[in-house]
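# Notes for the structure review
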Amino acid sequence: MEYELSTPLTDEDINKLQVGDTVYLSGKIFTARDSAHKRIIESGAPMDLNGVVLFHAGPIIKQKDDKYEIVAVGPTTSMRMNPYEADVLDMGVKAVIGKGGMDEKTQEALVRNNAVFLTAVGGCAALYVNGINEVNSVKWLDLGMPEAIWELDVKHFGPLIVTMDSNNENLYKKNK
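The structure contained in this document is the topic of the report that follows. Source: prediction; values computed, not measured.

So, how was this worked out
- Residues numbered from 1 in each chain as written.
- Predicted model: local features only at pLDDT ≥ 70, side-chain atom pairs only at ≥ 80, totals over all residues.
- Heavy atoms only, no water.
- Helix = DSSP H or I, 4+ residues; strand = E, 2+ residues; numbered from the N terminus.
- Rg over C-alpha atoms; globule rule 2.2 N^0.38 Å.
- Contact = heavy atoms within 4.5 Å.
- Areas by Shrake-Rupley, 256 points an atom, 1.4 Å probe, with all protein chains shown as cover.
- Buried < 20%, exposed > 50% of the residue type's maximum accessible area, 1.4 Å probe, protein only.
- Phe/Tyr/Trp six-rings, centres within 6.5 Å; stacked < 30°, edge-to-face > 60°.
- Lys NZ or Arg CZ within 6 Å of the ring centre and 35° of its normal.
- Salt bridge = Lys/Arg side-chain N within 4 Å of Asp/Glu carboxyl O.
- Axes fitted to C-alpha atoms, helices over the stretch in contact; angles between N-to-C directions.
- Parallel < 35°, antiparallel > 145°, perpendicular 65-115°, else oblique.
- Nonpolar A, V, L, I, M, F, W, Y, C, P; charged D, E, K, R; others polar.

## Describing the overall build of the protein
Secondary structure summary: the protein contains five helices and nine strands in total. Against the 2.2 N^0.38 benchmark of 16 Å for 176 residues, the protein shows a C-alpha radius of gyration of 15 Å, consistent with a compact globule. Dimensions of the protein, computed from the C-alpha atoms along their principal axes, are close to 50 × 35 × 30 Å. Taking the contacts inside the protein whose residues are at least 6 apart along the sequence as the reference set, 62% of them involve residues at least 24 apart. Counting every atom, the protein has about 8000 Å² of accessible surface; 48% of that belongs to carbon and sulfur.

Structure (structure tokens):
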């Protein structure tokens, strides 16, 4: 199935999704990599995480006057966030976008929190930029541009594939 969802995501949105489904997102998504995840755990999030979509990405950003512009944004390897992701999901995150899948602890947190892991195709950084309207804000720029949390306003952002769902299904582990 193919879905166009608006953020923040709800339980009803997540209940529709199964591994193999294609998702496009509109609304706000937030980038967050290793350092941001670690700081969220240690200090709390700089925004309300309920219904949020986190994108494991370090965007290439260009600053123009007081505005930021995304040049490219592609997924980074999600397994690097394994030490933190379950705890971050417990804070209300409904979807994580990345590549390569995540561990059993994260899978359990997806089920417990009625959330999903969405795979973004690596090598499509220019394609994903087309789905970004603008950068709304940046948090924790002291971590560096790739590690900061970028709030992105997106429209028809995708395609994203549901690879780990809230029903304990995992596309990476199918037929093994």
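## Focus on helix α2 (residues 34-43)
Residues of α2 that are buried include every one of D34, A36, H37 and I40, and no others. Packing partners of the buried residues in α2 comprise β3 (53-55), α3 (82-89) and β9 (149-164).

## Description of the packing of aromatic side chains
By the definition in use, this model includes three aromatic pairs. Geometrically, the ring pair formed by F55 and F157 is edge-to-face, given 5.6 Å between the ring centres and 70° between the ring planes. Here F55, found in strand β3, pairs with F157, found in strand β9; they are 102 residues apart in sequence, far enough to count as distant. Overall, the relative accessible area of 0% leaves F157 in the buried class. Relative to F157, the ring of Y128 lies with its centre 5.3 Å away and its plane at 35°, an arrangement referred to as tilted. With Y128 in helix α5 (residues 125-129) and F157 in strand β9, this residue pair connects regions lying 29 residues apart in the sequence. F157 matches Y128 in its accessibility class, with the two residues each being buried. Through a chain of ring-to-ring contacts, the aromatic side chains of F55, Y128 and F157 assemble into a single cluster. Directly above the aromatic system of W140 lies the positively charged group of R39, at a separation of 5.1 Å from the ring centroid.

## Section: the pattern of salt bridges
If charged atoms from side chains of opposite charge come close, those side chains can pair. Throughout the structure, instances matching the rule amount to ten salt bridges. Here D34 ties to R80 by a salt bridge, and the two come within 2.8 Å at their closest N and O atoms. Note that D34 is positioned in helix α2 and R80 in the loop between β5 (67-72) and α3, a separation of 46 residues in sequence. Take R80: its relative accessible area is 33%, and that puts it in the partly exposed class. Notably, a salt bridge pairs E42 with K38, separated by 2.9 Å at the nearest N-O pair.

## Some remarks on the packing of α3 against helix α4 (residues 104-113)
Each pair of packed helices can be summarised by the angle the axes make with each other and by the distance between the axes. Packing of α3 against α4 leaves a shortest axis separation of 9 Å and a crossing angle of 10°. As judged from the angle between their axes, α3 and α4 are roughly parallel. The segment α3 lies against α4, with N82, E85, A86 and L89 engaging K105, T106, A109, L110, R112 and N113. In terms of residue class, the contact of α3 with α4 is built from four nonpolar, three polar and three charged.

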